[in-house]
Amino acid sequence: MADYSPNGDGELQREFVERWRNNAYGCYSSGHKFCREVCPVMQVTRNENHTPTAFHAHIVAMEKGVLSVEDVADDFVHCTQCGACELRCPNTLFTGDFYRHRTRTVDVVKAMRALMVATGNEREGWKLWNERLVEAHNEPVLGDTPVSQEHVRDWAEGLDIPEGGESVLFVDCEAAFYRTSYSRAFALLLQKAGVEFGLMREQWCCGGPAAEMGYADLARKHAEHNVADWRAVGAKRILAPDPHDYIAFTEDYPALFGDDYEFEIVLGVELIAELVRDGRLELTQPVERTVTYHDPCRLNKRKGVHEAPRELLRAIPGLEFKDVDHVTQWSYCSGGGGGLPIEKPEITAEISGRRVARAEGLEVDALISACPWSERPLTEAADGRLEVMDLFELVAVAAGIEVGARP
Amino acid sequence: MSVAFKSAVDDAVVDELRAIIGDDDRVLPNVSSRASRTRVPAPFPVHRWSEFMPDVAVLPVSAEEVSEVVKLANRLRIPVVPRAGGTGLSDGAVPLRGGICVDVKLMNKIHEIDLDDRTVTVGPGINMLKLNEELRPHGVFYPDDPASYPCSLVGGRIGTGGWSLLGSRFGHTRDLVISMQVVLPTGEIAEIGDGGGRKLRKSSTGLTLKQLFTGHQGTLGITTEATLELVPRPELEFAAFFAFDDYMKAHRTTGALTRSGLATLAGVVLFDEWKLRYLRRDDEAYIPQPPWVQAVVAVAMYGTRAEVEPASKVVMELGRADGGKYLGDEISEGDWASRHDRYATPLHGRTKDGQVVPMSWHCEDAALNYSVLPKVREEWHAIVERYIERYGIFDDWGMFCYTNGAYKPWADYLVEIDVGIWEQKLDDENWAGWVACKREIAEVALKHGGSITACHGATREGDAELVPTEMGSAWPVVKRIKRALDPNNIMNPGKQMLDEAYK
Amino acid sequence: MSIFRLGDQKPPEPRRVTDDVVERFAHVYEVEPEKMQTFPQQDLPAWDTHRIVAARWDHLSWMHDHFADDVLVAGLPSETMPEEEEAG
């Protein structure tokens, strides 16, 4: 086993420190920790080791020979990559645009996890998960549909969606194999509004989760495959209803391919909101329910998308919508991201438990989210006391659509 | 990696701690846990990081656990360093001799909200912003509002004797804490207040101890619970910013405002010429301001509409009576709102050739009287200029003066000079230079009848050596108290020259 | 609805405001890029700049609301800046 201490054969660690040094000092030199109380993991563990501050400080410590990658590996597991910290950080919020230099905790955590993989400090759960991803080309999500390319389109049964075309719908793994009501609802909404779209030939996972867990090469392979498939089926535009995929296609893929990336990426919730606004999709069925909305981290914090979902909720006739503003929700999370449910399911359960408790406190009968990855932990935490629905599923009801699949 | 223990902590001690805490996840002897509980935002000799690490961290959930840990520390003569948020601007939470870091963040519950007797009782690990989110539905708030408001914790506010931006209206930490439960340096659990029951504000029975236990910098014990004031939530906030072509006009206007007798005045802030120059580099409010703008005075008020609205007209008159020009609604509103998370941004650092580099932030917080503010400003800038010339890794970010008297806007001022330090370039030589600069700055404050620190604490090199001087004839009393309460010198030892109590 | 196109993410060319400050997007100040040789800038696509600016205003507004039910301002224009130069 090679010695990864910085004073030994620590080449990989040295390179890592050099690459991330400026990010590290950007945070370390301030030390002010405004991130701490918005971090969903910190709210639960209260352990300073799990703070974005520590994530950056650890890199400075590695530079100074105080810590090495195996000392910090467990700390870096404790992150959902929700992006609250890096947005809330005054180095982003007040001056990130001024200096063109912002806090990038998500990238730092991803990169450290990749270093962990490269230096023999992998986590067992993530290792197993990504081995199965290699085999099946999709996330090994637990569900009724077996995860494999053979079944990747089972969710679309009876919908007559063609293969290929200028607009291609990308269906998230969790939605393809587990929460199929999500993907069916979205597809049926598009069809009702007369939007033409097709599916990929061979849809692999976007590669985002692999990258989040530190499997950068695997993520690249997936990106290359998907882009080649898009080109092969004539796609100019990718419709991405799932926020995780939207981030992969608007951030990860451009970073991999540079200028050789010609696709338009359309965010699902913004498309549906526009269709309703333009009258191409009519919401005529009243929905007499009282709901609140969960701002998914990867929409609200990571991409600044919080208006379109609310516009849709307000357009649903009969709906009583008790809102919690999107800035308060910077500190909310389902705990489902960043591979956390695989390695630390008890922390995910606590995070989602608290999110559901907040919704329950508003006396609503449903919590509406806009991210399928959040809906599994939130549903588990709700334990039947509250319904957890996806926004597309709710809009489909209001549009008079029979979705016909397990929610 | 392994970093040797500095104190009598060893594997046997860690086992004893595990037995006390009963949960191995809350006893952390591993090196990344220790490294994460070393520095605070104050300038830090990063090149000597391992010298300041605790030997082990514990995350207690009850006063009983804290008490047992402290008793063990006494038995074995192991230093104990309490740490709440670790967001302090002096070195109160930085271990000097290894030992046990008692990290109170898990003690963050709201134990009770009493709307009749107007108190909220909390653990020391709760943050004020999070507390206020829970208090809001009841129409009350806890207005302890430092620049670290979104991240500092109640325990640390008590330990440092914190200052609040809104102190002239609502009081500072010391005024807002009614009583507390403290684990004394010998491990007993004591209820400390003004006298009387937990929710009583003012008494003359026995000896009044509350003052002593706010601002001790963790040297007299560990707060494990606190009962706090519930203040009516303000109906209205008013803020106004005024620009001046001359510092003395701004200084006079500050005096006029603070002596106005307006009861809803929450704070007045005076920005000097160097601060304006610094703000012009990178603050959108100031970038386009004309060159004649040399100083600024900011004012804020909070209260009922019936009081604030008429008072705001008086403020506008006073603000403009001596050449002050209103900076406009957008700046007044926007800049005031940003004051609640006003720690310095590293990239505001500039090298001598104007290059942007991340600098860590020294925030001076002397307490001084109105009459000496202009002179102190001249002397301080001259000092910093000399050190910039000599060492090249510092940067002068200008000065603020803030109202410092609880409920008394006319009283004294927290005087801040902000100095950037290019941390990546720190070595023993320029660190020693920094300490010398710090000491010179503190000496000026003392020379002018002030205090080294309004709220951060004089716990670090450059300040601590001067504590006996500042205390003067009170110093022997301070030493006797410290020795009486902490006979084994285990509670945050080495801070504020209190080791002298044991000589 | 915003459609993401990589080509649209490139920031516009800077226009000088002062010796130290430039402007690319309307009313969004940036540091003079020459000053970031020692500590290089990051690649910040247009969507990210806009996200940060919007989030900042939202945060400040949230902070006001956190402390008081309402905010009063003097209701007067800036007395330091000529009319036409006031930031929008």
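Quick notes on the overall build of chain A
Per the secondary structure count, chain A includes 21 helices and seven strands. The globule rule puts the C-alpha radius of gyration for 407 residues at 22 Å, and the 21 Å found for chain A is close to it. Here the C-alpha coordinates of chain A stretch approximately 65 × 50 × 40 Å along the principal axes. A burial count over chain A gives 69% of its 407 residues as buried. Summarising the internal contacts of chain A: among those between residues at least 6 apart in sequence, 75% fall at separations of at least 24. Summing over all exposed atoms, chain A offers an accessible surface of approximately 13,400 Å²; the carbon and sulfur share of this is 47%. Of note, chain A has its 43 positive side-chain charges centred 4 Å away from the centre of its 67 negative side-chain charges.

Description of the pairing of strand β6 (residues 366–369) of chain A
Residue and element names in this part refer to chain A. Alternating residues of β6 divide into A366 and I368 and L367 and S369, and every residue in both groups is buried. Here strand β4 (residues 290–293) pairs with β6 via three bridges, running parallel. Bridge pairing links T292 to L367 in β6. Relative to strand β7 (residues 387–390), β6 is paired through four bridges, and the arrangement is parallel. Bridging across to β7, S369 finds its partner in D390. For the crossover from β6 across helix α20 (residues 372–382) to β7, the handedness is right-handed.

Here we look at the sheet that holds strand β1 (residues 3–4) of chain C
Strand order in the open sheet formed by four strands is β1(A)-β2(A)-β3(A)-β1(C), with mixed pairing between adjacent strands. On the outer flanks of this sheet lie β1 (167–169) of chain A together with β1 of chain C, each paired with one strand and no other. One ladder, built from two bridges, connects strand β3 (residues 264–267) of chain A with β1 of chain C; its direction is antiparallel. Residue pairing in the sheet places I265 of chain A in a bridge with F4 of chain C of β1 of chain C. Along the sheet face, helix α15 (residues 268–277) of chain A touches β2 (237–240) and β3 of chain A and points at about 70° away from the line of β3 of chain A.

Quick look at unusual backbone geometry
Not every positive phi belongs to a glycine, and D160 of chain A is a case in point at roughly 50°. Relative to the helices and strands, D160 of chain A is located in the loop between α9 (124–136) and β1. Accessibility expressed as a relative area gives 72% for D160 of chain A, which makes it exposed. Positive phi is not limited to glycine here, since N489 of chain B has a value of about 50°. Turning to its location among the elements, N489 of chain B is positioned in the segment after α15 (475–485).

Focus: the sheet that holds strand β6 (residues 119–122) of chain B
Residue and element names in this part refer to chain B. In spatial order, the strands read β5-β6-β10-β8-β9; together these five strands make up an open sheet with antiparallel pairing. The open sheet has two free edges, formed respectively by β5 (110–114) and β9 (189–193), since each of these has just one partner strand. Recorded for the sheet is a direction-independent mean angle of 15° between the axes of neighbouring strands. Judged from the four bridges that link them, β6 and strand β10 (residues 222–229) form a sheet pairing that is antiparallel. Looking at the pairing, T119 lines up with E229 of β10.

As for the interface of chain A and chain B
Contact residues are listed per partner, giving 44 residues for chain A and 57 residues for chain B. Summed over both sides, the interface of chain A with chain B buries roughly 3,800 Å², with 57% coming from carbon and sulfur. Here chain A is connected to chain B by two salt bridges. Within the residue set of the side of chain A that touches chain B, elements represented by two or more residues are α1 (11–28), α2 (40–45), α3 (52–63), α4 (69–72) and α7 (96–99) of chain A. Looking at the side of chain A that touches chain B residue by residue, the classes come out as 15 nonpolar, 17 polar and twelve charged.

Things to note about the state of the cysteines
Should the sulfur atoms of two cysteines be covalently bonded, the bond is a disulfide. Residue and element names in this part refer to chain A. With the rule as written, the count across this model stands at zero disulfides over all chains. Among the cysteines around C35, which has no disulfide bond, C85 carries the closest sulfur, lying 6.1 Å off. With a relative accessible area of 11%, C85 lands in the buried category.

Focus on the confidence of the model for chain C
All names here are of chain C. Looking at chain C as a whole, its pLDDT mean stands at 91, while 93% of the residues score no less than 70. Ignoring residues within four places in sequence, the model shows residues 84–88, a span with pLDDT below 50, making seven contacts including any to other chains. As a predicted assembly, this complex carries a pTM of 0.96 together with an ipTM value of 0.95.

Here's the deal with the interface of chain C and chain B
Listed per partner, the contact involves 38 residues of chain C and 53 residues of chain B. Buried area between chain C and chain B, summed over both chains or domains, comes out near 3,900 Å², and the portion from carbon and sulfur atoms is 58%. Of all residues in chain C, F67, L72 and T80 of chain C give up the largest surface area on contact with chain B, accounting jointly for 19% of the area buried on that side. Counting the contacts that link chain C with chain B gives five salt bridges.

Definitions and limits used
Residues numbered from 1 in each chain as written. Chains lettered and ligands numbered in written order. Predicted model: local features only at pLDDT ≥ 70, side-chain atom pairs only at ≥ 80, totals over all residues. Heavy atoms only, no water. Helix = DSSP H or I, 4+ residues; strand = E, 2+ residues; numbered from the N terminus. Rg over C-alpha atoms; globule rule 2.2 N^0.38 Å. Buried < 20%, exposed > 50% of the residue type's maximum accessible area, 1.4 Å probe, protein only. Contact = heavy atoms within 4.5 Å. Areas by Shrake-Rupley, 256 points an atom, 1.4 Å probe, with all protein chains shown as cover. Lys, Arg positive; Asp, Glu negative; His and termini not counted. Charge placed at Lys NZ, Arg CZ, Asp CG, Glu CD. Pairing = 2+ DSSP bridges. Right-handed = clockwise from strand over helix to strand, strands pointing away. Axes fitted to C-alpha atoms, helices over the stretch in contact; angles between N-to-C directions. Buried area = accessible area lost by both parts, 1.4 Å probe. Salt bridge = Lys/Arg side-chain N within 4 Å of Asp/Glu carboxyl O. Nonpolar A, V, L, I, M, F, W, Y, C, P; charged D, E, K, R; others polar. Disulfide = S-S within 2.5 Å. pLDDT = per-residue confidence, 0-100.

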